[in-house]
Amino acid sequence: MNYLSEMLKLPVVDSAGERIGIVNDLGIATGEVFPHVTSLAFQGPGKTPFMISWRKYVERFDDDGVYLKMPATDIRFSYLQPDEVLLARDIMNKQIVDTQGMKVVRVNDIKLSASGENQLRLLGAEVGVRGLLRTLHPVLERVVVAASRAVGKPLQEDIIAWSYMDLLERSTQTIKLSVSHKTLGELHPADIADIIEQLDPRLRGQVFAQLDTAQAAEAISELDDDELVAEMLEGLSDRDASSMLALMDPDDAAALIDELDYEKAEKLLRLMGVKEERAIRNLLGYEENTAGRIMTSEFVALPATSTVADAIDGLRKLDEDFESVYYVYTTDPAGALTGVLSLRTLIVADHDARLNSLAYRDVVWVSPDEDQEDVAEEMSKYNLAAMPVCDENRHILGIVTVDDAMEVMNEEHQEDLQIAGMAGAEGGSGESMHVFSWFARRQYWLLVWAIASGIIAAVLQMMGGLGSYFIYPMCVMPVSLLAASRVVSYVRNYYLEYDEADDEDKPYLAFFLQTVLVGAVLALVIYLCGQLVLGAAYSDDVLASASAGGWMPAAADPDGAVNALIGAARMLSACFACAAGVTFVSCALSVIYLKVLFWRDEHDLNTSGIALSVSAVLIACALYSVVSTLAVSMIAA
């Protein structure tokens, strides 16, 4: 018996050989690294639940059952102790935190280890496919394992040791685990944030309850999902939420408060200390996506006449939770920025040296209204760990730190990927590694083509039994669909590469003229390619008659075979002409797609490149389907 699933439903037999029930759970004490099984829960006659001490009553166990030392009449039943949990009830099929792999997983089975005839220990949780198959049926697991081994892809166990497990369910939240809860509190805030994002909503509050206010503040500042942040804040009491925000860096706290409704935000701000409230309100006074909004008011600035010793003493007096210090800035008597020193410069300099003799004077700074993307680019250009933000008199208002700049650049990168029709997790090739995701993102036009072809066939059939003629629009339709998709790709690339100047009008007219010219060329190429296809498929006489719009007299074509060929040539030619026209229209409409991208960017709205491409393909499909169906029906009539 190596797994809990194999233990469940085994018969429980007393010393007299009488079957008194079946196993339905095992209890463990949580105080050990690899806990012993301490209790046996079984279901007796009439489905009555019983629990007994494992150590006191179990003599041995095997594949056939669990055997007790005493007859049923001498057994005294017990209860679950405060430091015990039941494996099937409290752990099986529950979410746990793998504090080594920093991820949330679901327990599919529990691995046990026998030591002696009646000793049983818990080793860990099986979170892989094998555990799931085993709980369905052991035979199913054996078949799949054998099959995978036969094809050279062995299906391995996926065991998480008990010492790296953190229980999250409500029924176990008060249990003191020897390793797990302590480990969760010691994880890096970014790892805790990742775990919270993976959890079911009902468990997130329980994870937060295990953290102190400082840990919660650091973890929530690492969350990427704004809606999740608002949800976590709403789940806290006003005083707890306010205390947590007050411990955060002012720029992070301002970003979180900005996600709340006005009344909630005001209530939390009023509950803070005066210093923290003023710092956050100052940041909220700046427009979104500016340097003022992402700067922190925690920086070190000293008079230029101060000594190195003064600077070091000032750094020593800073609070432990002060924003990371990268530079020390110097100011003149009026408080204007005059220079900057790195910490390395301070460390190696003589303590009596004046800061103005060591400072670098050509300081790069930005105004609080500067766009945050431009600030990040400036920091990258000059390899700065922090950028001072100053007013028109060069008075320092705050600094933008490298972590905020990286976050801005990452957000911009993700937005560009989204507009380009790629997910952030996709590789550099731009293609998703999952076949279904790849199909949905790149080959969706096949589904559009198939559905539209069926609709065209149905419409033609209703227009007089012309359903068989749908083959001609169907054959040419992919040309217009793929052209529409490529046009959107062109628009996306143009938008992403466009270097916008604040005093410059959007290039709509120039772009329209450019795409109209491209559309005319593409339409001509499609039409000429259609003529090449017709020339290869039909004889010159048929093509001449088709071009003239005439039909062969009935006397010269008694069986109608020639007229059928003429009709087919005319329909195919008309479909190519329709595809050329729709492609030209798609190119002409592309300026609308560009305008949508600019408008949504100005209003700080995300735009999905895939959604834009699908919209363009659907418009082209609808337009082509209508005109080609009308053309075919008119020719057939």
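Residues numbered from 1 in each chain as written. Predicted model: local features only at pLDDT ≥ 70, side-chain atom pairs only at ≥ 80, totals over all residues. Heavy atoms only, no water.

Colleague: Could you give me a rundown of the overall build of the chain, with the residues and numbers involved?
Modeller: Helix and strand counts for the chain stand at 27 helices and 18 strands. In the chain, which comprises 637 residues, the proportion classed as buried is 44%. In the chain, of all internal contacts separated by at least 6 residues, the share reaching a separation of at least 24 is 63%. For the chain, the accessible surface area stands at approximately 32,700 Å², while carbon and sulfur atoms represent 56% of it. (Helix = DSSP H or I, 4+ residues; strand = E, 2+ residues; numbered from the N terminus. Buried < 20%, exposed > 50% of the residue type's maximum accessible area, 1.4 Å probe, protein only. Contact = heavy atoms within 4.5 Å. Areas by Shrake-Rupley, 256 points an atom, 1.4 Å probe, with all protein chains shown as cover.)

Colleague: So, the pattern of salt bridges: which residues are in play, and what are the values?
Modeller: In the structure shown here, the tally under the stated rule is 12 salt bridges. For Arg130, the salt bridge is made with Glu141, and the minimal N-O distance between the two is 3.0 Å. Placement of the pair is Arg130 in helix H4 (residues 129–136) and Glu141 in helix H5 (residues 138–150), with a sequence separation of 11 residues. The same class applies to Arg130 as to Glu141, namely buried. Close ionic contact of Arg281 with Glu266 constitutes a salt bridge, the shortest N to O distance being 2.9 Å. Placement of the pair is Arg281 in helix H14 (residues 274–284) and Glu266 in helix H13 (residues 262–271), with a sequence separation of 15 residues. Residue classification places Glu266 among the buried residues on the basis of a relative accessible area of 15%. (Salt bridge = Lys/Arg side-chain N within 4 Å of Asp/Glu carboxyl O.)

Colleague: An account of the environment of Leu481 is needed here, citing residue identities and associated values.
Modeller: Structurally, Leu481 is set in helix H23 (residues 471–497). Considered as a pair, Leu481 and Thr583 are 102 residues apart in the sequence and their alpha carbons are 8.4 Å apart. Discounting chain neighbours no more than four positions away, the residues touching Leu481 are Trp445, Val448, Trp449, Val617 and Cys621.

Colleague: Lay out the nonpolar core in plain terms, naming residues and giving numbers.
Modeller: By size, the foremost hydrophobic cluster in this structure holds 41 residues, and its most contacted members are Ile220, Leu223, Leu233, Leu245 and Val400. At 5 residues, helix H10 (residues 226–234) tops the list of elements feeding residues into this core. Counting residues in each nonpolar core, the second largest holds 38 residues, with Met571, Leu572, Ala574 and Val617 among its members. (Core = buried A, V, L, I, M, F, W, Y, C linked by side-chain atoms within 4.5 Å.)

Colleague: Can you tell me about H13, naming the residues and giving the values?
Modeller: Buried within H13 we find Lys264, Ala265, Glu266, Leu268 and Leu269. Capping of H13 at its N-terminal end is provided by Asp261; its side-chain oxygen lies 3.3 Å from the backbone amide nitrogen of Glu263. (Polar contact = N/O pair within 3.5 Å; in protein donor to acceptor, adjacent residues only side chain to side chain.)

Colleague: Requested: an account of H14, with residues and values cited.
Modeller: Taken as a whole, H14 has its buried residues at Glu277, Ala279, Ile280 and Leu283. The arc enclosing the buried residues of H14, seen along the axis, measures out at 165°, which places them on a common side. In H14, the exposed positions angled more than 90 degrees off the buried face are occupied by Val274 and Lys275. Summarising the contacts, the buried residues of H14 are in contact with helix H12 (250–257), H13 and helix H15 (291–294). (Arc of directions from axis to C-beta.)

Colleague: Run through a negative patch on the surface, naming residues and quoting values.
Modeller: The grouping of Asp194, Asp212, Glu218, Glu222, Asp224, Asp225, Glu227, Glu259, Glu288, Asp403, Glu407 and Glu411 at the surface amounts to a negative patch. Among the elements that line the negative patch, the one with the most residues is helix H20 (residues 402–419), at 3 residues. By secondary structure assignment, the location of Glu227 is in helix H10. Take Glu227: its relative accessible area is 66%, and that puts it in the exposed class. (Patch = residues over 30% accessible without salt bridge, like charges linked within 9 Å, V, L, I, M, F, W, Y side chains within 5 Å. Lys, Arg positive; Asp, Glu negative; His and termini not counted. Charge placed at Lys NZ, Arg CZ, Asp CG, Glu CD.)

Colleague: Give me the lowdown on the state of the cysteines, citing residues and values where you can.
Modeller: All told, the structure shown has 0 disulfides when counted by the stated rule. Just so you know, Cys575 is unpaired, no disulfide at all, and the nearest cysteine sulfur is the one on Cys578, 6.0 Å from it. (Disulfide = S-S within 2.5 Å.)

Colleague: Which residues make up the sheet that holds strand E16 (residues 337–342), and what values go with them?
Modeller: Sheet architecture is open: 3 strands sit in the order E14-E15-E16, paired in mixed fashion. Two strands close off the open sheet at either side, each with one partner strand: strand E14 (301–303) and E16. Here the average twist between neighbouring strands, direction ignored, is 30°. Summarising the sheet, E14 and strand E15 (residues 327–331) pair through 3 bridges and their orientation is parallel. Bridge assignment links Leu302 to a residue of E15, and that residue is Thr330. (Pairing = 2+ DSSP bridges. Axes fitted to C-alpha atoms, helices over the stretch in contact; angles between N-to-C directions.)

Colleague: Which residues make up unusual backbone geometry, and what are the values?
Modeller: In this structure, Asn289 takes a positive phi of about 65° despite not being glycine. Tracing the chain through its elements places Asn289 in the loop between H14 and H15. In this model, Asn383 sits at a positive phi of 55°, which is unusual for a non-glycine residue. By the element assignment, Asn383 lies in the loop between helix H19 (372–382) and strand E17 (386–390).

Colleague: Lay out the pairing of strand E2 (residues 19–29) with the relevant residues and their values.
Modeller: Put simply, side chains in a regular strand alternate between the two faces of the sheet. Of all 11 residues in E2, 9 are buried, a share of seventy percent or more. In this structure, strand E1 (residues 11–13) lies alongside E2, joined through 3 bridges in antiparallel fashion. Bridged to Val12 within E2 is Gly21. What sits between the antiparallel neighbours E1 and E2 is a turn of 5 residues, in which Gly17 has the positive phi angle 85°. One ladder, built from 6 bridges, connects E2 with strand E3 (residues 37–43); its direction is antiparallel. Each bridged residue has a counterpart across the sheet, and for Gly27 the counterpart in E3 is Ser39.

Colleague: If you had to explain the packing of helix H22 (residues 444–462) against helix H27 (residues 609–636) to someone new, which residues and values would you point to?
Modeller: The interhelical angle for the contact between H22 and H27, taken along N-to-C directions, is 25°, at an axis separation of 10 Å. By the angle class used here, H22 and H27 are roughly parallel. Considering how the two elements wind past one another, H22 and H27 form a crossing that is right-handed. For the pair formed by H22 and H27, the contact residues are Tyr444, Val448, Ala452, Ile456, Val459 and Leu460 on the first element and Ser613, Val614, Val617, Leu618, Cys621, Ser625, Ser628, Thr629, Val632 and Ser633 on the second. For the contact of H22 with H27, the per-class residue count stands at 11 nonpolar, 5 polar and no charged. (Parallel < 35°, antiparallel > 145°, perpendicular 65-115°, else oblique. Left-handed = near helix turned anticlockwise from the far one by under 90°. Nonpolar A, V, L, I, M, F, W, Y, C, P; charged D, E, K, R; others polar.)

Colleague: Can you break down the packing of helix H11 (residues 238–247) against H13 residue by residue, with the values?
Modeller: Contact geometry for H11 and H13: axes closest at 8 Å, N-to-C directions at 70°. Compared by their axis directions, H11 and H13 come out roughly perpendicular. In this structure, the crossing between H11 and H13 has a hand that is right-handed. Along the contact surface, H11 presents Asp238, Arg239, Ala241, Ser242 and Leu245, while H13 presents Lys264, Lys267, Leu268 and Leu271.

Colleague: Explain a nonpolar patch on the surface residue by residue, including any values.
Modeller: There is a patch of nonpolar side chains on the surface, built from Met463, Phe584, Val585, Leu623, Val626, Val627, Leu630 and Met634 and spanning about 660 Å² of accessible area. Among the secondary structure elements, those contributing two or more residues to the nonpolar patch are helix H26 (561–602) and H27. Ranked by residues supplied to the nonpolar patch, first place goes to H27 with 5 residues. For Val627, the position within the fold is in helix H27.

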